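As a plain string of letters, each chain reads:
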Amino acid sequence: MQTTEMVLPSVGEPESLQVRVRQLPEPGPGQALVRVEASGVTFAEQQMRRGKYYDMPAFPFVPGYDLVGVVEGLGAPVPGETRLAVGQRVAALTKTGGWADYVLLDAADLVPVPDGVTAADAETLVTNGATAWRMLHRTANVKPGDTVVVHGANGGVGSVLVQLARAGGIHVIGTASARNQEAVRALGAVPVDYRGDIPARARELAPDGVAAVFDHVGGKGIEDSWRMLAPGGTLVSYGSASTRDQSGNGTLTVLKLVARLTLWNLLPNGRNAHFFNLWAGRSRHPQQYRAQLRDDLAEVFALLRAGSITARIDRVYPLEEAAAALRYAESGQAVGKVVIAPGAGRSSGSAQ
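Residues numbered from 1 in each chain as written. Predicted model: local features only at pLDDT ≥ 70, side-chain atom pairs only at ≥ 80, totals over all residues. Heavy atoms only, no water.

Draft legend 1. Inspection of the pairing of strand β8 (residues 147–150) at higher detail. In β8, alternate side chains face the same way, and those of Thr147 and Val149 on one face and Val148 and Val150 on the other are all buried. As defined by bridge partners, β8 adjoins strand β9 (residues 171–176) across 4 bridges and the pair is classed as parallel. Across the sheet, the residue bridging to Val149 is Ile173, located in β9. The handedness of the β8 to β9 crossover, carried by helix α4 (residues 156–167), is right-handed. When β8 meets strand β11 (residues 210–215), the two strands line up parallel, connected through 3 bridges. Residue pairing across strands places Val148 opposite Ala212, the latter belonging to β11. (Buried < 20%, exposed > 50% of the residue type's maximum accessible area, 1.4 Å probe, protein only. Helix = DSSP H or I, 4+ residues; strand = E, 2+ residues; numbered from the N terminus. Pairing = 2+ DSSP bridges. Right-handed = clockwise from strand over helix to strand, strands pointing away.)

Quick look at the structure:
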């Protein structure tokens, strides 16, 4: 089987991506050959091409943090493996490798996509949905009736967080730019301008503090996020977007942030701080990790299928235009997910 994939050879601009064609072997025991229908552009790829991702893969590599596709072939099953069927639509977290038209993956890492959910719609909720669900229900353990703050409420993870929270009966204060506040309001959150005094506005809306703050920005604003918490509240930090265009080591930035959060946890005020890593536990407890991922994505896909949450797609690009997709995702103009669809045959920047 021949596959076409996009390769990032070194630190560089999006246009440095190269097309590579190579042969894939037949799937071995426990493997599946997947025809990729949709992958996406995440903040991880934006950091990786700058060499600033905290868990950088070695160059050269194929970007693509997640994917949705169809099983085209299966190797011999291994004991305990959840059996899949050829022709079944599946989703996978890959961290790298998704920007290709065919991939070989461990069958145990594949999550079934329910009938009635399209590949592009499902793709918007693999990384973003798993991240949002886990932070909301596993890390912060927020309850119906609670109030939370979601920074970047119109972003990829943020918009899913808002929708999942509202579907669970949770009140949401969502930060956004002035031009995106109506979109945030339409998702069910109370919008707050991220350039204003967010803690003051949060105190007006939740005088006793909030149950959780979800912060992807990091930087100096993380202190405001901590101060907005009610006693017993939880700060969930899951990124350092404020440092995207700054020089420096991405791993060191994250380590400093984790150290700060760890120190805050030692304070005798009943509040908690966590740095969320979607891959935590993957290497130490792989079976548990895979089972939880299947459960979490099943919940998210079920809500999507029922119409309780929606997939937000901004543009779809063919695989060969991955550089344009990455450039557009970094422009700040995207409202929703930028999707890469191998074999889509669409013109550049097809609007959805």
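Draft legend 2. Layout of unusual backbone geometry. The amide bond that connects Phe59 to the next residue, Pro60, takes the cis arrangement and shows omega of -10°. In this structure, Pro60 sits in the loop between α1 (43–48) and β4 (66–74). Backbone geometry places Lys95, a non-glycine residue, at a positive phi of 70°. Here Lys95 lies in the loop between β5 (89–93) and β6 (102–106). On the basis of relative accessible area, Lys95 is assigned to the buried category, the value being 18%.

Draft legend 3. The packing of aromatic side chains, seen in detail. The tally for this structure, following the rule as stated, stands at 7 aromatic pairs. Relative to Phe275, the ring of Tyr54 has its centre 6.4 Å away and its plane inclined at 90°; by these criteria the two rings are edge-to-face. Of this pair, Tyr54 sits in the loop between α1 and β4 while Phe275 sits in strand β13 (residues 272–275), and the two are 221 residues apart along the sequence. These aromatic residues form a ring-pair network of at least three members: Tyr53, Tyr54, Tyr65, Phe275, Trp279 and Tyr289. Here Arg134 stacks its cationic end above the ring of Tyr289, 4.9 Å away from the centre of that ring. The ring of Tyr328 carries the charged tip of Arg315 above its face, separated from the ring centre by 4.1 Å. (Phe/Tyr/Trp six-rings, centres within 6.5 Å; stacked < 30°, edge-to-face > 60°. Lys NZ or Arg CZ within 6 Å of the ring centre and 35° of its normal.)

Draft legend 4. Focus on helix α6 (residues 198–205). Along α6, the residues classified as buried are Ile198, Pro199 and Ala202. Looking down the long axis of α6, one finds its buried residues gathered within 95° of arc, a one-sided arrangement. Opposite the buried face of α6, by more than 90 degrees, sit the exposed residues Arg203 and Glu204. Where α6 is buried, its residues contact β9, β10 (190–193) and α7 (222–227). A distance of 3.1 Å separates the backbone nitrogen of Ala200 from a side-chain oxygen at the start of α6, and that oxygen is part of Asp197. (Arc of directions from axis to C-beta. Contact = heavy atoms within 4.5 Å. Polar contact = N/O pair within 3.5 Å; in protein donor to acceptor, adjacent residues only side chain to side chain.)

Draft legend 5. Seen up close, the layout of surface pockets. The space that makes up the second largest pocket amounts to roughly 290 Å³. Taken together, 14 residues form the lining of the second largest pocket, with Arg134, Asn277, Ala280, Gly281 and Gln292 sitting closest to its centre. Within the residue set of the lining of the second largest pocket, elements represented by two or more residues are α3 (127–139), β13 and α9 (286–306). Across the lining of the second largest pocket, the residue classes break down as 5 nonpolar, 7 polar and 2 charged. (1 Å grid on protein atoms, 1.4 Å probe; cavity = no way out; pocket = protein on both sides within 12 Å on 5 of 7 lines; lining within 4 Å. Points joined across faces, edges and corners; volume = space filled by probe spheres on them. Nonpolar A, V, L, I, M, F, W, Y, C, P; charged D, E, K, R; others polar.)

Draft legend 6. Geometry of the side chain of His151. Following the sequence through the fold, His151 ends up in the loop between β8 and α4. For His151, a relative accessible area of 8% corresponds to the buried category. Excluding residues within four positions of it along the chain, His151 makes contact with Thr175, Ile198, Val213, Phe214, Asp215, His216, Ser225, Met228 and Tyr238.

Draft legend 7. Region of the structure containing the confidence of the model for the protein. Chain-level statistics for the protein give a pLDDT mean of 92 and a share of 95% at 70 or above. This stretch, residues 346–352, has a pLDDT under 50; its non-local contacts, to residues over four places away or in other chains, come to 22 contacts. (pLDDT = per-residue confidence, 0-100.)

Draft legend 8. Layout of empty space enclosed by the protein. For the structure on display, the rule yields 3 cavities of 30 Å³ or more. Estimated volume of the largest cavity: approximately 70 Å³. Lining the largest cavity are Thr124, Leu125, Asn128, Gly155, Gly156, Ser159, Val160, Gln163, Thr310, Arg312, Gly336 and Lys337. If one sorts the elements of the lining of the largest cavity by residue count, α4 sits on top with 4 residues. Estimated volume of the second largest cavity: approximately 40 Å³. In this structure, the second largest cavity is lined by Leu93, Asp109, Trp279, Arg282, Tyr289, Arg290 and Leu293.

Draft legend 9. Quick look at the sheet that holds β9. Spatial ordering of the open sheet is given by β10-β9-β8-β11-β12-β13, a layout of 6 strands whose pairing is parallel. Edge strands, defined here as strands with exactly one partner in the open sheet, are β10 and β13. Strand-to-strand twist of the sheet, defined as the mean angle between neighbouring strand axes without regard to direction, takes the value 15°. Sitting on the sheet, α3 is in contact with β11, β12 (229–237) and β13, with an inclination near 150° to β12. (Axes fitted to C-alpha atoms, helices over the stretch in contact; angles between N-to-C directions.)

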